[in-house]
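Letter by letter, the chains look like this.
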Amino acid sequence: VALRARCVRFFFFFPRFFLLSLEMLFAPSASMALKSTKYRAPDTAAPQTVSAKLPVDLSPTGFCTAGVGAACLVVGLTANARRIGRDSRRTRTHQVVTTRAAAPRIGSVPEEALAKPYALVVIGGGPAGVNAAMTAALLGQRVLIVDNPKVQPTSAGLDISFGGPTGLWSKALRDTAKRLDTKTLTSMGLDKQTIWQQVRSNCIKLATQNAAYQVERCNEYRVNYLQAIADVSEPGKVTVELPDGTKQDVTADNLLLATGSAPMRLGSVPFDDVRIFDSDTINGLDFLPENVVVAGSGIIACEYAEIFRTLGCNVTMIVRSDANSALRRIGLDRDVAQALIDRLSSDGVTMFQGCEVTEFDVPPYEDRTTPVRLKLSHKSGSGPESLECDVFLAAMGRRPNVKLFEQLGCEIEKRGGAVKVDGNFQTTVPHVYAVGDSIGAPALASTGEYQAQVAVEGIIQGHKGDKEKLQFPVGVWTIPEIGYYGYTSEKAREEGIKCEEGSASYSSCLRGRVFAPEGLLKLVFRIEDGVIIGVHVWGTDACELVHLGMHLVENKTSIFELMGSIFTAVTYHELFKAAAFDGNSKLEFGMQWRSLFEQIPTDWSQAGEAEDPEEYKAMFEEIDQDRSGELDADELHLCFQKMGKPMSKSTVANLVRLSDVDGSGTIDWEEFRRIFRAMKNVKETRLQTA
């Protein structure tokens, strides 16, 4: 840097010194040269000769002045050259001192390190595998994680898929699709191939950042990360095949396999990964299609349908059964599922339900202009007999990768083909553990990480009983998002839980009305005590909001407590409070009864506990002085005064209002009995809550 600075100053001032010296020499006098460093053209009235244009002062004064200027120039240049030389030598010396050895290639481990035994060897570099390795390292164990790169590593060895979930590409594609307006870019003259390359570049950038972060974590916690193909035939021993083809045996006290899952590839679908894709190979799509057909009704199918539609593609979904029931089977609330279906439709996604593809006509590999032709069969409803598309995506579910488990002799579940594990995620073979997609549902990145943590803690700290989490938050990255946790009302009623729902549209809060009015938040709660047992959200930031819902469910918070909570203004969290108020309005004896009963005389409360109809009847007849069979507010007020438990007229009027089901303004016998049922219900609820 110093050398460059010297050179810049040298070449900046040299011309100025040179011109000044010349002007001193050729100027009429030294005083004229010092007054101006610019050449002044002579009078142009008459032709000038060269000698006239550049008059030379041959006087002693002129030569003397020029000599002084030239001497100053030479001295300055010499000193500057010496300084540049010294700085250059210092820089070279500094560079030699600070030079360090090149960093080892990512994904490589020295042979002597592999020869030493490990406490744990993890096979699989997804979220579950990486989290298992991190947990073991944090607990002070020597760990090796072995992963076969899913894509060709960079020159430095970075596998951009390392540490990323199966759906990383779709999440990156979704984020890019939301930020990139393809219609506007097309109208500006950009061709689709250029747009698609920009889309892919953004996705690759996001994946690269994630992988680099995961590698940094491994280095920070001194986890050995090896890019290799792992093979196991017995517990405690792993044979790794390195990229150069050499093999080496690695020994370990325990094995944890997080081998993930693979897309279901039905034999009737002619996959070529050029025009016909599954949910993994779609990552390799190298052009922006005009028409896309998505077969499936699950989370992955819905996500990709929304993504391609946002990118400006014409999208058709083919669903073998009813879409709403298919979404409910994977845990979505019925109203949320219908909202998603309606949104897909309003966004321009065509959906054929009760439909299957019976025949494919796929053009040759090199032909990218002829469309793929599909022949359809409609079991219910109606639709076209055939379709044409540029890309067909089969998102028909996934199956666990269990090859290594089978080699070890682990028991495999007959239904679903998942690995059988206990509550600590140990397989039927001692010291061999399985987590993530390989053990089946729910097959989420978040649950895989949790399972990995539980398994490793059990390995190192000893098994402490069944810690398997029965409930877990789920996020669906459609546009907008879906998040849910806990029971749906249907599932709760199937298990004999009496429940009710409270809902709030996004327009129920100020932020929703201003920024995103389309959306829904629903609370499922027990009728007996108002405790929240399920939360379902569809709308902007749903995958973030669901975590507050999870907290409410796990802490057994009631809607009555939620109604008294406070949230920051202009936030989506206000929706929870609005939904709680809606749920309260559906209860026969809600919050309004609770505050009212605080003022009811003890005699009435005891009668409510006894639940004696004859006693109720006697009280009713005593209050009904005019024998009309109806009680008004004045009669109730007089009754409380006679009992020595006076109540304000406003409280009595409120009691009549709440009890008056038919709206007559008075209370009949059945409505009178309802007061005591309410008192008993509220008291039992308080006891259960306490």
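Residues numbered from 1 in each chain as written. Predicted model: local features only at pLDDT ≥ 70, side-chain atom pairs only at ≥ 80, totals over all residues. Heavy atoms only, no water.

A. Representation of the overall build of the protein in the model. Regarding its fold elements, the protein presents 25 helices and 22 strands. Every one of the 690 residues in the protein was classed for burial, and the buried ones make up 44%. Total accessible area on the protein stands at roughly 35300 Å², and carbon and sulfur atoms take up 53% of it. (Helix = DSSP H or I, 4+ residues; strand = E, 2+ residues; numbered from the N terminus. Buried < 20%, exposed > 50% of the residue type's maximum accessible area, 1.4 Å probe, protein only. Areas by Shrake-Rupley, 256 points an atom, 1.4 Å probe, with all protein chains shown as cover.)

B. Summary view of the side chain of His-536. Summarising the element assignment, His-536 is placed in strand β22 (residues 532-539). Classification of His-536 as buried rests on a relative accessible area of 1%. A polar contact of 2.8 Å, which involves the side chain of His-536, links it to the backbone oxygen of Tyr-487. Contacts of His-536, omitting those with residues within four sequence positions, involve Gly-331, Asp-333, Val-336, Gly-483, Tyr-484, Gly-486, Tyr-487, Thr-488, Leu-520, Leu-521, Lys-522 and Val-524. (Polar contact = N/O pair within 3.5 Å; in protein donor to acceptor, adjacent residues only side chain to side chain. Contact = heavy atoms within 4.5 Å.)

C. A look at the pairing of strand β14 (residues 386-389). The two faces of β14 differ: Leu-387 and Cys-389 on one face are buried, but Ser-386 and Glu-388 on the other face are not. The pairing of strand β13 (residues 372-378) with β14 spans 4 bridges and is classified as antiparallel. For Lys-375, the partnering residue across the bridge sits in β14 and is Ser-386. (Pairing = 2+ DSSP bridges.)

D. Seen up close, a nonpolar patch on the surface. A cluster of nonpolar side chains, Leu-510, Val-514, Phe-515 and Val-570, forms an exposed patch at the surface whose accessible area comes to about 380 Å². Its location among the elements puts Leu-510 in helix α16 (residues 510-515). (Patch = residues over 30% accessible without salt bridge, like charges linked within 9 Å, V, L, I, M, F, W, Y side chains within 5 Å. Salt bridge = Lys/Arg side-chain N within 4 Å of Asp/Glu carboxyl O.)

E. Focus on the confidence of the model for the protein. A residue-level look at the protein finds 77% of positions with pLDDT of 70 or above and a mean pLDDT of 82. Of all the helices and strands in the protein, helix α2 (residues 30-35) carries the lowest mean pLDDT, 38, while strand β2 (residues 143-147) carries the highest, 97. Low pLDDT (under 50) marks residues 19-66, which in the prediction has 39 contacts with non-local residues, meaning those over four places away or in another chain. Predicted confidence is poor over residues 91-97, with pLDDT under 50, and the contacts of this stretch with residues over four places away or in other chains come to 0 contacts. (pLDDT = per-residue confidence, 0-100.)

F. Molecular detail of the nonpolar core. Formed by 56 residues in total, the largest nonpolar core has its most connected members in Tyr-118, Val-121, Leu-144 and Leu-256. Per element, the largest residue contribution to this core is 7 residues, and it comes from helix α6 (residues 127-138). Not counting chain neighbours up to four residues away, the residues in contact with Leu-256 comprise Leu-120, Val-121, Val-122, Ile-123, Ala-132, Tyr-433, Val-435, Ala-455 and Val-456. Among the nonpolar cores identified, the runner-up in size contains 46 residues, and Val-292, Leu-311, Val-476 and Ile-482 belong to it. (Core = buried A, V, L, I, M, F, W, Y, C linked by side-chain atoms within 4.5 Å.)

G. Representation of the sheet that holds strand β18 (residues 474-476) within the structure. Pairing is antiparallel in the open sheet, where 5 strands are placed in the order β18-β19-β22-β21-β20. Strand pairing shows two members of the sheet lacking a second neighbour, β18 and β20 (499-505), which therefore form its edges. When the angles between neighbouring strand axes are averaged without regard to direction, this sheet yields 10°. As judged from the 6 bridges shared by strand β21 (residues 520-526) and β22, these two strands associate in the antiparallel manner. Note on β22: the bridge partner recorded for Leu-523 is Val-535. Where helix α19 (residues 574-585) meets the sheet, it contacts β20, β21 and β22, and its direction lies at approximately 135° from that of β20. (Axes fitted to C-alpha atoms, helices over the stretch in contact; angles between N-to-C directions.)

H. Structural context of helix α14 (residues 445-461). Given a rise of 1.5 Å per residue, 17 residues ought to cover 24 Å, and the 24 Å separating the end C-alpha atoms of α14 matches this to within 8%. Within the span of α14, buried status applies to Thr-447, Gly-448, Gln-451, Ala-452, Val-454, Ala-455, Val-456, Gly-458 and Ile-459. Just downstream of α14, Gly-462 is the residue with a positive phi angle, here 95°. (Expected span 1.5 Å × (residues − 1).)

I. Inspection of helix α24 (residues 649-659) at higher detail. Listed as buried for α24 are Thr-651, Val-652, Leu-655, Val-656, Leu-658 and Ser-659. Down the axis of α24, the buried set is contained in an arc of 165°. They therefore lie on one face. Turned more than 90 degrees off the buried face of α24, the exposed positions are Lys-649, Ser-650 and Arg-657. (Arc of directions from axis to C-beta.)

J. Examining the pattern of salt bridges more closely. In total, this model carries 23 salt bridges according to the counting rule given. The closest approach of N and O atoms between Lys-237 and Asp-249, which form a salt bridge, is 3.6 Å. You can see Lys-237 sitting in strand β5 (residues 237-241) and its partner Asp-249 sitting in strand β6 (residues 247-257), a full 12 residues away along the chain. Among the residues examined, Asp-249 registers a relative accessible area of 40% and is labelled partly exposed. Ionic pairing is found between Glu-411 and Lys-420, a salt bridge with its closest N-O pair at 3.7 Å.

K. Spatial organisation of the packing of aromatic side chains. Here the structure, examined in full by the defined rule, presents 4 aromatic pairs. When the centroid spacing of 4.0 Å and the interplanar angle of 20° are considered together, the rings of Phe-162 and Tyr-225 count as stacked. Of this pair, Phe-162 sits in the loop between β2 and α7 (168-179) while Tyr-225 sits in strand β3 (residues 224-227), and the two are 63 residues apart along the sequence. Here the basic side chain of Arg-142 rests over the ring of Tyr-118, its NZ or CZ set 3.9 Å away from the ring centre. Sitting over the ring of Tyr-365, Arg-368 keeps its end group 5.8 Å from the ring centre. (Phe/Tyr/Trp six-rings, centres within 6.5 Å; stacked < 30°, edge-to-face > 60°. Lys NZ or Arg CZ within 6 Å of the ring centre and 35° of its normal.)

L. A look at the environment of Asp-147. Turning to its location among the elements, Asp-147 is positioned in strand β2. Note on Asp-147: relative accessible area 4%, which makes it buried. Sequence spacing of Asp-147 and Ile-229 is 82 residues, and the spatial spacing of their C-alpha atoms is 6.8 Å. Residues contacting Asp-147, with those up to four places away along its chain left out, are Gly-124, Gly-125, Asp-159, Phe-162, Tyr-225, Leu-226, Gln-227 and Ala-228.

M. The arrangement of the packing of helix α10 (residues 299-310) against helix α12 (residues 334-346) in detail. Taken N-terminus to C-terminus, the directions of α10 and α12 make an angle of 30°; their axes are 11 Å apart at the nearest point. Between α10 and α12, the crossing angle belongs to the class labelled roughly parallel. With respect to the hand of their crossing, α10 and α12 are arranged in left-handed fashion. Across the interface between the two elements, Cys-302, Ala-305 and Glu-306 from α10 touch Leu-340, Arg-343 and Leu-344 from α12. Looking at side-chain class alone, the contact of α10 with α12 contains 4 nonpolar, no polar and 2 charged residues. (Parallel < 35°, antiparallel > 145°, perpendicular 65-115°, else oblique. Left-handed = near helix turned anticlockwise from the far one by under 90°. Nonpolar A, V, L, I, M, F, W, Y, C, P; charged D, E, K, R; others polar.)

N. A look at the packing of α7 against α10. The contact between α7 and α10 brings their axes to 9 Å, and the two run at 30°. Judged by the inter-axis angle, α7 sits roughly parallel to α10. For the pair α7 and α10, the crossing hand works out as left-handed. Here Trp-169, Ser-170, Lys-171, Leu-173, Arg-174, Ala-177 and Lys-178 of α7 lie close against α10, whose contacting residues are Glu-303, Tyr-304, Ile-307 and Thr-310.

O. Molecular detail of the sheet that holds strand β9 (residues 291-295). Pairing is parallel in the open sheet, where 5 strands are placed in the order β8-β15-β9-β10-β11. Of all strands in the sheet, those bounded by a partner on one side alone are β8 (276-278) and β11 (350-353). Taken pair by pair, the neighbouring strands of this sheet meet at an average axis angle of 20°, ignoring direction. Here strand β10 (residues 314-319) pairs with β11 via 4 bridges, running parallel.

P. Region of the structure containing the pairing of β5. Burial along β5 is one-sided: Val-238 and Val-240 are buried, while Lys-237, Thr-239 and Glu-241, pointing the other way, are not. The pairing of strand β4 (residues 229-234) with β5 spans 5 bridges and is antiparallel. The residue of β5 that forms the bridge with Ala-230 is Val-240. Hairpin connection, β4 to β5: the antiparallel pair is bridged by 2 residues, and Gly-236 has positive phi, about 85°. Inspection of the sheet shows β5 paired to β6 by 5 bridges, in the antiparallel sense. Bridging across to β6, Thr-239 finds its partner in Asp-249. Hairpin connection from β5 to β6: 5 residues lie between these consecutive antiparallel strands, with Gly-245 at a positive phi of about 95°.

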